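An overview of the molecular structure
In case you want the letters, here they are:
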Amino acid sequence: MPSRRVLIKSAIALLTLLTASPIAVQAANPAPVVATFSILGDMVERIGGEHVAVTTLVGPDGDAHVYQPTTADARAMAEAQVLIENGLEFEGWLDRLVNASNFDGIRVVATNGIKPIPFEEREGHHDDEGHHDDEGHHDDEGHHDDEGHHDDEGHHDDEGPHDDEGQHDDEGHHDDEGHHDDEGHGHNHGTFDPHAWHSLRAAVTYVNNITTSLAQNDPSNASVFYLNREAYVAEIEALDEEIQRMVDTLPSDHRIVITSHDALQYFGQAYGLKFLAPQGLSTESEASAKQVAGLIKQIRKGGIKAVFVENIADSRLIEQIANETGANIGGKLYSDALSGTDGPASTYLKMLRHNSTTIVSALGD
Ligand SMILES: [Zn+2]
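Residues numbered from 1 in each chain as written. Predicted model: local features only at pLDDT ≥ 70, side-chain atom pairs only at ≥ 80, totals over all residues. Heavy atoms only, no water.

1. Describing the overall build of the protein chain
Regarding its fold elements, the protein chain presents 13 helices and 8 strands. The proportion of buried residues among the 365 residues of the protein chain is 50%. Contacts in the protein chain between residues far apart in sequence, at least 24 positions, make up 70% of those at least 6 positions apart. For the protein chain, the accessible surface area stands at approximately 17000 Å², while carbon and sulfur atoms represent 51% of it. (Helix = DSSP H or I, 4+ residues; strand = E, 2+ residues; numbered from the N terminus. Buried < 20%, exposed > 50% of the residue type's maximum accessible area, 1.4 Å probe, protein only. Contact = heavy atoms within 4.5 Å. Areas by Shrake-Rupley, 256 points an atom, 1.4 Å probe, with all protein chains shown as cover.)

2. Thoughts on the coordination of the zinc ion
Around the zinc ion, the protein contributes the donor atoms H65 (NE2), H195 (NE2), H261 (NE2) and D336 (OD), at 1.9 to 2.1 Å from the metal centre. One can describe the site at the zinc ion as tetrahedral: its 4 donor atoms subtend angles covering 93 to 121 degrees at the metal. For the zinc ion, all donor residues lie on one chain, and their spacing in sequence is H-x129-H-x65-H-x74-D. Note that H195 is positioned in the loop between α7 (159-182) and α8 (200-217) and D336 in the loop between β8 (328-333) and α13 (348-363), a separation of 141 residues in sequence. (Donors = N, O, S within 2.8 Å, 3.2 Å for Na, K, Ca; no water. Tetrahedral: all angles 85-135°; square planar, octahedral: opposite > 155°, others 65-115°.)

3. A look at the confidence of the model for the protein chain
Averaged over all residues, the pLDDT of the protein chain equals 82, while 73% of them reach at least 70. Here residues 20-26 scores under 50 on pLDDT; set against residues more than four positions off or in separate chains, the count is 2 contacts. Here residues 122-187 is modelled with pLDDT under 50, and outside its nearest four sequence neighbours on either side it reaches 85 contacts, counting other chains as well. (pLDDT = per-residue confidence, 0-100.)

4. Looking at the sheet that holds strand β4 (residues 106-109)
For sheets, the rule is that strands pair by backbone hydrogen bonds, running either parallel or antiparallel. Strand order in the open sheet made by the 4 strands is β2-β1-β3-β4, with parallel pairing throughout. Lying at the two open borders of the sheet, with one neighbouring strand each, are β2 (52-58) and β4. The mean inter-strand angle of the sheet, taken between neighbouring strand axes irrespective of direction, is 20 degrees. One ladder, built from 4 bridges, connects strand β3 (residues 82-85) with β4; its direction is parallel. Bridge pairing in β4 links E85 to V109. Relative to β4, α8 is tilted by about 170 degrees, and along the sheet it contacts β1 (31-37), β2, β3 and β4. (Pairing = 2+ DSSP bridges. Axes fitted to C-alpha atoms, helices over the stretch in contact; angles between N-to-C directions.)

5. Quick word on the pairing of β2
Across a regular strand the side chains alternate sides, sitting on one face of the sheet and then on the other. Pairing between β1 and β2: 6 bridges, direction parallel. Residue pairing in the sheet places P32 in a bridge with A53 of β2. In this region the chain leaves β1, passes through helix α3 (residues 38-48) and returns to the parallel neighbour β2; the handedness of that crossover is right-handed. (Right-handed = clockwise from strand over helix to strand, strands pointing away.)

6. Describing helix α5 (residues 94-101)
Those residues of α5 not exposed but buried are L94, L97, V98 and S101. All buried residues of α5 lie within an arc of 100 degrees about the axis, which places them on one face of the element. Across from the buried face of α5, at angles greater than 90 degrees, the exposed residues are R96, N99 and A100. Looking at the buried positions of α5, the neighbouring elements they touch are β1, β2, α4 (71-79), β3 and β4. (Arc of directions from axis to C-beta.)

7. Let's talk about the pairing of β1
Among the 7 residues in β1, 6 count as buried, and that is most of the element. Pairing geometry for β1 and β3, over 3 bridges, is parallel. Within β3, the residue paired with A35 across the bridge is I84.

8. Some points on the packing of aromatic side chains
Summed over all chains, the structure comprises 6 aromatic pairs. An aromatic cluster is defined as three or more aromatic residues linked by ring pairs; in this entry it consists of F37, F90 and W197. (Phe/Tyr/Trp six-rings, centres within 6.5 Å; stacked < 30°, edge-to-face > 60°.)

9. Overview of the environment of S361
Within the element layout of this structure, S361 appears in helix α13. Since its relative accessible area comes to 58%, S361 is described here as exposed. Sequence separation of S361 and L250 is 111 residues, and the distance between their C-alpha atoms is 9.2 Å. For S361, the side chain forms a polar contact with the main-chain oxygen of T358, separated by 3.5 Å. (Polar contact = N/O pair within 3.5 Å; in protein donor to acceptor, adjacent residues only side chain to side chain.)

10. Considering helix α11 (residues 289-302)
Structurally, the α-helix is built with 3.6 residues per turn, so residues lying three or four positions apart point the same way. With 14 residues, α11 should reach 20 Å at 1.5 Å per residue; the first-to-last C-alpha distance of 20 Å fits that figure. If you follow the buried residues of α11, they end up packed against β5 (256-258), β6 (274-276), β7 (306-310) and α12 (316-325). A positive phi of about 60 degrees marks G303, the residue just after α11. (Expected span 1.5 Å × (residues − 1).)

11. Observations concerning the packing of helix α9 (residues 222-248) against α13
The interhelical angle for the contact between α9 and α13, taken along N-to-C directions, is 5 degrees, at an axis separation of 10 Å. Here α9 is positioned roughly parallel relative to α13, judged by the angle of their axes. On α13, the residues that touch Y232, E235, I236, L239, E242, I243, M246 and V247 of α9 are Y348, L349, L352, R353, S356, T357 and V360. Class assignment for the residues of the contact of α9 with α13 results in 10 nonpolar, 2 polar and 3 charged. (Parallel < 35°, antiparallel > 145°, perpendicular 65-115°, else oblique. Nonpolar A, V, L, I, M, F, W, Y, C, P; charged D, E, K, R; others polar.)

12. Quick word on the nonpolar core
Ranked by size, the top nonpolar core spans 78 residues in total, and within it M43, V44, I84, L200, F267, Y348 and I359 carry the most contacts. Formed by 13 residues, the second largest nonpolar core is a distinct cluster that contains L276, I296, I299 and I318. (Core = buried A, V, L, I, M, F, W, Y, C linked by side-chain atoms within 4.5 Å.)

Next comes the structure, spelled out in structure tokens:
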């Protein structure tokens, strides 16, 4: 039997709900936000919830490296209050779209503050030198992420000045990108490996940057965004530990993972796996015959059991390598895009879990 006090409390709660109509009105007018690709779109939806209306430019299974924006994208950009991009020259087509669309909202580089992996010429990288580099970065990254995390948590209370700083940083970064393009540097790769979302530790920085920008754009719902962020980061950190435990079961000589394009270095660095790919950092780059021959040699020599296709890349080269070496196709990894809603990687966290279980079950004993 409910006591009288409980009944009174319920009555008060009901009254509060009934009089809280302004909140309902705001939720009916969610802030228009553009995310450049599906992984960012999912993160923004997790943090913004009903208070954001997310348009994702490059959808599930789409390849952001070679994307060509549409007029619908330009319309979405013109209305957007916030634009979330990966940065690190991943979206080589974005500056032009921004300029063409009269976007005047908050532009956020989600990777701002991570320790990026420098691009290195891939020729000869498949040997031991790459391994040393990976180890070095591993320590650096963990250290850096800790720092970034504390900084971002400090942001919560004093949002104003920090947000401004963030924006200046973003702008500087874009100028750099434009400069590279003007020099005919091309879109094959930038200075850094852009695929940082494959590190769950870097993902915490993504989530912090997204949260700060949503709160800046819509201060009345800032507390909701920060609460959503907290729950999300707890899930990210739990999955990070789960994946580490999973990968730790692999013997040390079963830790080479071969994929189509070089997208999973951040994952390898985080968990102690070595990723090799016939294609470079972008799906635009061509695999050289020499690189393919080198990989085939390495698979035979190392007794590598399985190679992996990707959801966004052409699988024929990997199939050919599997045929020539007798390695299995270990499964499909989701590299630069989520799956559709019915697929195994329909959210960012599902994608990381799927990739990990696919790799570990194919390479384990
Ligand atoms: Zn990629």
